[in-house]
Amino acid sequence: MPIGSNVGIMRIGVFIFALALIITCYGCSRMNAGTKAASTASISESGAIKSAVADSSAISPSVRSKVDFSTQIKPIFEARCQPCHFSGGKVYAKMPFDRPETIKTLGTKLFTRIKDENERQMIRDFLSQ
């Protein structure tokens, strides 16, 4: 085998290794981006976050404004769970999300589809009423 062909194979091998390394680093940085942002926020605003949590826990549920199902909760599920859990959907007969009883029965199990923390908090407030 000529010496020149070994150099070409080594160059291709180094290129593939470098490409794999770049893809791996990019993937890891994307996976950790949410964690870094959350930890940075808690470090830089720890006092503000702790006081906000303390303030919200100090307010009794009766003092908080009541969460209305039809105007506040139902639109969240319409945006995330349409068409299956609404009229005409394939699981509407078993779990109709246009009824507050279904939401109360399922409770926090619904959070598998609801990722926004503000929406989750609103649903928690509704469940605690």
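Residues numbered from 1 in each chain as written. Predicted model: local features only at pLDDT ≥ 70, side-chain atom pairs only at ≥ 80, totals over all residues. Heavy atoms only, no water.

Asker: Outline the overall build of the protein, supporting the account with residue identities and numerical values.
Answerer: In terms of regular secondary structure, the protein is built from five helices and zero strands. Order of helices (α) and strands (β) in the protein, N terminus to C terminus: α-α-α-α-α. Relative to its 129 residues, the protein shows a buried fraction of 18%. Sequence-distant contacts, at least 24 apart, represent 41% of the contacts inside the protein between residues at least 6 apart. When the accessible surface of the protein is summed, it comes to about 9,700 Å², and 63% of that surface belongs to carbon and sulfur atoms. (Helix = DSSP H or I, 4+ residues; strand = E, 2+ residues; numbered from the N terminus. Buried < 20%, exposed > 50% of the residue type's maximum accessible area, 1.4 Å probe, protein only. Contact = heavy atoms within 4.5 Å. Areas by Shrake-Rupley, 256 points an atom, 1.4 Å probe, with all protein chains shown as cover.)

Asker: Please set out the side chain of arginine 120 residue by residue, giving values where relevant.
Answerer: With respect to the helices and strands, arginine 120 occurs in helix 5 (residues 117–128). One buried charge, arginine 120, has no salt-bridge partner; the nearest side chain with opposite charge is glutamate 117, at 4.4 Å. From its side chain, arginine 120 meets the backbone oxygen of isoleucine 114 in a polar contact 2.6 Å long. Excluding anything up to four places from it in sequence, arginine 120 contacts Phe111, Ile114 and Lys115. (Lys, Arg positive; Asp, Glu negative; His and termini not counted. Salt bridge = Lys/Arg side-chain N within 4 Å of Asp/Glu carboxyl O. Polar contact = N/O pair within 3.5 Å; in protein donor to acceptor, adjacent residues only side chain to side chain.)

Asker: Please give an account of a nonpolar patch on the surface that cites residues and values.
Answerer: Taken together, the side chains of Ile12, Phe15, Ile16, Leu19 and Ile23 make up a nonpolar region of the molecular surface, amounting to roughly 520 Å² of accessible area. By the element assignment, isoleucine 16 lies in helix 1 (residues 3–44). Here isoleucine 16 falls in the exposed class, since its relative accessible area comes to 52%. (Patch = residues over 30% accessible without salt bridge, like charges linked within 9 Å, V, L, I, M, F, W, Y side chains within 5 Å.)

Asker: Explain unusual backbone geometry residue by residue, including any values.
Answerer: Residue proline 83 is bonded to the preceding glutamine 82 through a cis peptide linkage, with omega at 0 degrees. By secondary structure assignment, the location of proline 83 is in the loop between helix 3 (69–81) and helix 4 (100–106).

Asker: Tell me about helix 3, residues and numbers included.
Answerer: Residue pairs spaced three or four apart in an α-helix point in one direction, given the helix's 3.6 residues per turn. Look at helix 3: only 15 Å from first C-alpha to last across 13 residues, short of the 18 Å you get at 1.5 Å a residue. Within the sequence span of helix 3, burial applies to Phe69, Ile73, Ile76, Phe77 and Cys81. Along its buried surface, helix 3 packs onto helix 4 and helix 5. (Expected span 1.5 Å × (residues − 1).)

Asker: Outline the confidence of the model for the protein, supporting the account with residue identities and numerical values.
Answerer: Per-residue confidence for the protein gives a mean pLDDT of 76; residues scoring 70 or more make up 67%. Ignoring residues within four places in sequence, the model shows residues 35–63, a span with pLDDT below 50, making six contacts including any to other chains. (pLDDT = per-residue confidence, 0-100.)

Asker: Can you tell me about the pattern of salt bridges, naming the residues and giving the values?
Answerer: Evaluated as defined, the whole model comprises two salt bridges. Notably, a salt bridge pairs glutamate 117 with arginine 124, separated by 3.0 Å at the nearest N-O pair. You can call arginine 124 partly exposed: its relative accessible area is 29%.

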